[in-house]
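Inside the fold
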Amino acid sequence: MDLKGKRVAVLIEQQYQELEVWYPVYRLREAGCKVTLVGPEAGVAYPSKLGYPAKSDAAAKDVSAADFDGIVMPGGFAPDYIRRHEAMLKLVRDMAAQGKVLAAICHGPWVLCSTTALRGKKATCFVAIKDDVINAGAKYVDEEVVVDGNVITSRKPDDLPAFMLAIMKALRT
């Protein structure tokens, strides 16, 4: 799948789920997409749940929605930290307002819960945050991947193949 010329931000923070960051990063790069790891600060190595570092390429305050065609929000405990940073939420809100691809897996939809991006959308997530997704205005469904307009959600690492196919399809259009 050719994604040359496409640009995607992958949000990172401490305690991210390894597969939910690195699987999308490598699949997108393999397809020719320019992937930028965006954290609260640039040049910081954020440890995963198991301690594996992901070094941010850019700080959220230094990028804008215009820089990207899509954004990936991984799970783990990182989303709880991500949504504590206004610049990271602003990036997601601005991308939502521009109709860009918003992809969240596992606990990643927690970030979307801190915006209005889920209102009126059908979405899925890790079952533990189902109530948060519903309270954010989404209709929750238990499916491996759910695409509703520009919002793409999945439940867990096992869903990554379907999640990535949906993201790559959305980026091609």
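Refer to the structure presented above.
Right, let's get into the side chain of Lys-121. Mapped onto the elements, Lys-121 comes out in the loop between α4 (109–113) and β8 (122–123). The side chain of Lys-121 sits in the buried core without any salt bridge; Asp-148 is the nearest counter-charge, 4.2 Å away.

Most of strand β7 (residues 101–105) sits out of view: five of its five residues are buried. When strand β6 (residues 70–73) meets β7, the two strands line up parallel, connected through four bridges. Bridging from a neighbouring strand, Gly-70 pairs with Val-101 of β7. In this structure, β7 lies alongside strand β11 (residues 151–154), joined through four bridges in parallel fashion. Bridging across to β11, Ala-104 finds its partner in Thr-153.

So, about the packing of aromatic side chains. One pass over the full model with this rule turns up two aromatic pairs. Between Trp-22 and Tyr-52 the ring centres are 5.8 Å apart and the planes differ by 90°, which places this aromatic pair in the edge-to-face class. Of this pair, Trp-22 sits in helix α1 (residues 18–30) while Tyr-52 is found in the loop between β3 (45–47) and β4 (53–55), placing the two residues 30 residues apart along the sequence. By relative accessible area, Tyr-52 is classed as partly exposed at 45%. The lysine or arginine in question, Lys-49, covers the ring of Phe-77, its NZ or CZ lying 5.6 Å from the ring centre.

Turning our attention to the environment of Thr-124. In this fold, Thr-124 is placed in the loop between β8 and α5 (130–135). Sequence-wise, Thr-124 and Glu-143 are 19 residues apart; in three dimensions their C-alpha atoms are separated by 6.5 Å. Not counting residues up to four positions away in its chain, the partners in contact with Thr-124 are Pro-109, Tyr-140, Val-141, Asp-142, Glu-143, Val-146, Thr-153, Ser-154 and Arg-155. There is a polar contact of 2.7 Å between the side chain of Thr-124 and the backbone oxygen of Val-141.

Here we come to unusual backbone geometry. Its identity as a non-glycine residue notwithstanding, Gln-15 has a phi of 70°, on the positive side. Assignment of secondary structure puts Gln-15 in the loop between β1 (7–11) and α1. One non-glycine residue, Cys-106, adopts positive backbone phi at about 65°. Examined against the element boundaries, Cys-106 turns out to sit in the loop between β7 and α4.

Rules used in this analysis
- Residues numbered from 1 in each chain as written.
- Predicted model: local features only at pLDDT ≥ 70, side-chain atom pairs only at ≥ 80, totals over all residues.
- Heavy atoms only, no water.
- Helix = DSSP H or I, 4+ residues; strand = E, 2+ residues; numbered from the N terminus.
- Buried < 20%, exposed > 50% of the residue type's maximum accessible area, 1.4 Å probe, protein only.
- Lys, Arg positive; Asp, Glu negative; His and termini not counted.
- Salt bridge = Lys/Arg side-chain N within 4 Å of Asp/Glu carboxyl O.
- Pairing = 2+ DSSP bridges.
- Phe/Tyr/Trp six-rings, centres within 6.5 Å; stacked < 30°, edge-to-face > 60°.
- Lys NZ or Arg CZ within 6 Å of the ring centre and 35° of its normal.
- Contact = heavy atoms within 4.5 Å.
- Polar contact = N/O pair within 3.5 Å; in protein donor to acceptor, adjacent residues only side chain to side chain.

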